[in-house]
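Here is how the chains run, residue by residue.
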Amino acid sequence: MRAGFRFGLFGLTTILLALSGHAAVSAEWPDIREAKNIAEEGFIYGLPLVMNYAVMNEFAVDPKSSQFKAPFNKIDSLNHVATYEDTAVVTPNSDTPYSILWLDLRAEPMVISVPAVEKERYYSVQLIDGNTYNFGYIGSRATGNDPGSYLVVGPDWKGEKPAGIKQVFSSTTPFVFANFRTQLINVEDMPNVEKVQAGYGVQPLSAFLKQPAPPAAPKIDFPPATTQGIKDNFFDYLDAALEFVPPTQEDEAIRAKLARIGVGPGKSFNFKDLPIAHKLEIGLGMKDGDDKVAKFAASGNKTINGWSVGSLFGDRAFYKGDWLKRAAAAKAGLYGNDAVEAMYPFTRTTATGETLDASKRNYTITFPAGQLPPVNSFWSVTMYDGKSQLLIKNPINRYLINSPMLPGMKKNEDGSLTLYIQKDSPGADKEANWLPAPNDTVYLVMRLYWPKTEAPSILPAGEGTWQPPGIVAAQ
């Protein structure tokens, strides 16, 4: 979703939830310094898993959640794009109405079917496992706009590709998020989007093959989790998440360390029972981990004209056990796409490094003539509140400017295009080019869907021949 969560770690008053505990530490426990280091490493390794587990709970497990979409193996198509009222996921994409599907692959594989989609409309189905690896794509770029059926299998499945299945995608975990994006070309286009969404389907492999169904998987009483509760319950959530993330060669070492502080399948992390000194060190370790993640998210990409340009998202082979990169990706925007599917330059500053603050200044961004973002599909620039990374309420209900809006926008005499980034209207003559800003700091994300690979191109990420123009403070 190019999403993430409202996740502000850490105030020590939050971390030290029960400083009155005076229990003795088990002899099996590491000493204070080692426990602090394990907490730091564990936070970096576990952040994406915990965030994903919380979203799964809110979207598919807890029907009382305000963010609940549908139970496992059911598609919920949203007939609107994200607005300021959508708060579970930060940096939400407001270009493409979502269809949300959480898969439970324990009993048997599931078949995802897609309809024929007109060639000019972009769509994608991004397959994300519990490790937050993007392990497969269906859609305009990856498989084309023709109809077809695709098999998604869990880590223990063994078999041949069945007849009628175009491709098999294998997950490292039994629970999978299938995130459908369908391009909305303009406001009047929503009925057409809904027709495409109505053609998305999911069914068990046995039903697809018209065979008897295997026994149902046992019911799970998932430990409850919310995105708002992550900072208070981090290792409890990680305990729960790891039950559904089979160990791999890459994470063997960190999981062994986590087991030493009581975190992992069959373990129980009892923070409240630790002595004060251990609580403090665990809390400091988590804060150090969060600081490292934030620093990497801010500096792991290349800065070009004030924009951070790079690629933090990919599959298991892409990360190669680099937990810091994976955590930075989650913090910057969980469920982001691979670079070949979409690029996400983002910024909080002008081209000269000044913090964007629309309560103090007005800003512009100008694309020179013939130098709009180079894409096979479409591009957008979306406005977020700089603190929460959520969409902001504004008088014209405009959260982004994108390429389908170009016919209604005004170009400059030299053919360039200027966007006005400010909290108040720039005037009726410029309002078509106005991207409303909060009365506060600003976070901007540019999205390039299916970026071109031939020059000019933003690819390779951070090294491409096309660069996003810098934001300028109005004089």
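Structural notes, computed from the coordinates. Model, not experiment: these values are computed from the prediction.

About the criteria used
Here the residue numbers are simple positions, counted from 1 along each chain's written sequence. Reporting of local features is limited, given that this is a predicted model, to residues whose pLDDT is at least 70; pairs of side-chain atoms are given and counted only at 80 or more, and all residues count toward the totals for whole chains, interfaces and linings. Calculation of side-chain values draws on the structure's entire complement of heavy atoms; hydrogens and water are dropped beforehand. Note on conventions: DSSP H or I runs of at least 4 residues are helices, E runs of at least 2 residues are strands, and numbering of each starts at the N terminus. The globule rule is 2.2 Å times the number of residues to the power 0.38, and the radius of gyration it is compared with is taken over C-alpha atoms. Relative accessibility thresholds used throughout: buried, under 20% of the residue-type maximum; exposed, over 50%; partly exposed, between the two (1.4 Å probe, protein chains only). Here a residue-residue contact requires only that any non-hydrogen atoms of the pair lie within 4.5 Å. Here the accessible surface of atoms and residues is derived via Shrake-Rupley with a 1.4 Å probe, and residues count as covered only by protein chains that are part of the display. Note that His is not counted, nor are the chain ends; the positive residues are Lys and Arg, and the negative ones are Asp and Glu. The atoms used to mark charge sites are NZ of Lys, CZ of Arg, CG of Asp and CD of Glu. By nonpolar core we mean a set of buried residues, namely Ala, Val, Leu, Ile, Met, Phe, Trp, Tyr and Cys, connected to one another through side-chain atoms within 4.5 Å. Between any two strands, at least two bridges found by DSSP are needed for them to pair. Geometry is summarised by axes, namely lines fitted to C-alpha atoms with helices restricted to the contacting stretch, and by angles between N-to-C directions that run from 0 to 180 degrees. Directions drawn from the helix axis to the C-beta atoms are what define this arc. For Phe, Tyr and Trp, rings pair up if their centres lie within 6.5 Å, where Trp contributes its six-membered ring, and each pair is then called stacked (planes under 30 degrees apart), edge-to-face (over 60) or tilted (otherwise). For a lysine, the NZ atom is tested; for an arginine, the CZ atom; a charge sits over a ring if that atom is within 6 Å of the ring centre and within 35 degrees of the ring normal.

### Brief notes about the overall build of the chain
- Per the secondary structure count, the chain includes nine helices and 20 strands.
- A globule of 475 residues ought to have a C-alpha radius of gyration of about 23 Å, and the chain, at 23 Å, matches this closely.
- Taken over the C-alpha atoms alone, the chain extends approximately 75 × 60 × 40 Å along its principal axes.
- Here the chain, with 475 residues, has 56% of them falling under the buried criterion.
- Long-range contacts, defined here as pairs at least 24 residues apart, represent 75% of the contacts in the chain between residues at least 6 apart.
- With an accessible surface of roughly 19600 Å², the chain has 51% of that area assigned to carbon and sulfur atoms.
- For the chain, the distance from the average position of its 46 positive side-chain charges to the average position of its 50 negative side-chain charges is 1 Å.

### Some details on the nonpolar core
- With 73 residues, the main nonpolar core has W102, F234, F235, L238, L258 and I282 as its most contacted residues.
- Contributing elements (two or more residues each) for this core: helix 2 (32-61), strand 2 (98-104), strand 8 (175-182), helix 5 (234-242), helix 6 (252-260), helix 7 (276-299), helix 9 (323-333) and strand 19 (442-449).
- Counting residues per element, this core draws most heavily on helix 2, which supplies 16 residues.
- The contact partners of L258, leaving out residues within four places of it in the chain, are I38, G42, Y45, F235, L238, L242 and V263.
- Counting 31 residues, the second-largest nonpolar core is a separate cluster that includes V381, L419, I458 and W466.

### As for the sheet that holds strand 8
- With antiparallel pairing, the five strands of this open sheet are ordered in space as 1-2-8-4-5. Every interior strand has two partners, whereas the edge strands, strand 1 (75-77) and strand 5 (134-139), have only one. Neighbour-to-neighbour, the strand axes of this sheet turn through a mean angle of 15°, independent of strand direction.
- Direction of pairing for strand 4 (residues 123-129) relative to strand 8: antiparallel, over a ladder of seven bridges. Opposite Q126, over in strand 8, you have N179 as the bridge partner.
- Helix-sheet contacts for helix 2 involve strand 2, strand 4 and strand 8, and the interaxial angle to strand 2 is about 105°.

### Looking at the pairing of strand 4
- Taken across its seven residues, strand 4 has seven buried, putting it largely inside the fold.
- Residues Y123, V125, L127 and D129 of strand 4 are buried on one face, and the alternating residues S124, Q126 and I128, pointing to the opposite face, are buried as well.
- Direction of pairing for strand 4 relative to strand 5: antiparallel, over a ladder of five bridges. In the strand pairing of strand 5, I128 is matched with N134.
- Hairpin connection, strand 4 to strand 5: the antiparallel pair is bridged by four residues, and T132 has positive phi, about 65°.

### Some details on helix 3 (residues 190-198)
- All buried positions along helix 3 are accounted for by M190, V193, V196 and Q197. End-on, the buried residues of helix 3 take up no more than an arc of 115°, which puts them together on one face. Residues K195 and A198 are exposed on helix 3 and point more than 90 degrees away from its buried face.
- If you follow the buried residues of helix 3, they end up packed against strand 1, strand 2 and strand 8.

### Description of the packing of aromatic side chains
- The tally for this structure, following the rule as stated, stands at 22 aromatic pairs.
- The interplanar angle of 55° and the centroid separation of 5.2 Å between the aromatic rings of F222 and F244 together place this pair among those described as tilted. Taken together, the residues span a long stretch of sequence, with F222 in the loop between helix 4 (205-208) and helix 5 and F244 in the loop between helix 5 and helix 6 at a distance of 22 residues. F244 matches F222 in its accessibility class, with the two residues each being buried.
- Members of the aromatic cluster, connected to one another through ring pairs, are F72, F175, F222 and F244.
- Above the plane of the ring of Y443 lies R348, whose end atom (NZ or CZ) is 4.2 Å from the centre.

### Let's talk about the side chain of Q183
- Examined against the element boundaries, Q183 turns out to sit in the loop between strand 8 and helix 3.
- With near-sequence residues (within four places) excluded, Q183 lies in contact with D95, T96, E120, R121, Y122, D189, V193, S377, F378 and P404.

### Details of the sheet that holds strand 18 (residues 434-436)
- With mixed pairing, the four strands of this open sheet are ordered in space as 18-17-14-20. At either margin of the open sheet sits one strand with a lone partner, and together these are strand 18 and strand 20 (471-473). For this sheet, the mean angle separating the axes of adjacent strands, direction not counted, is 30°.
- Both strand 14 (residues 363-367) and strand 17 (residues 417-422) contribute to a ladder of five bridges, which runs antiparallel. In the sheet register, T366 faces strand 17, and the bridge partner there is T418.

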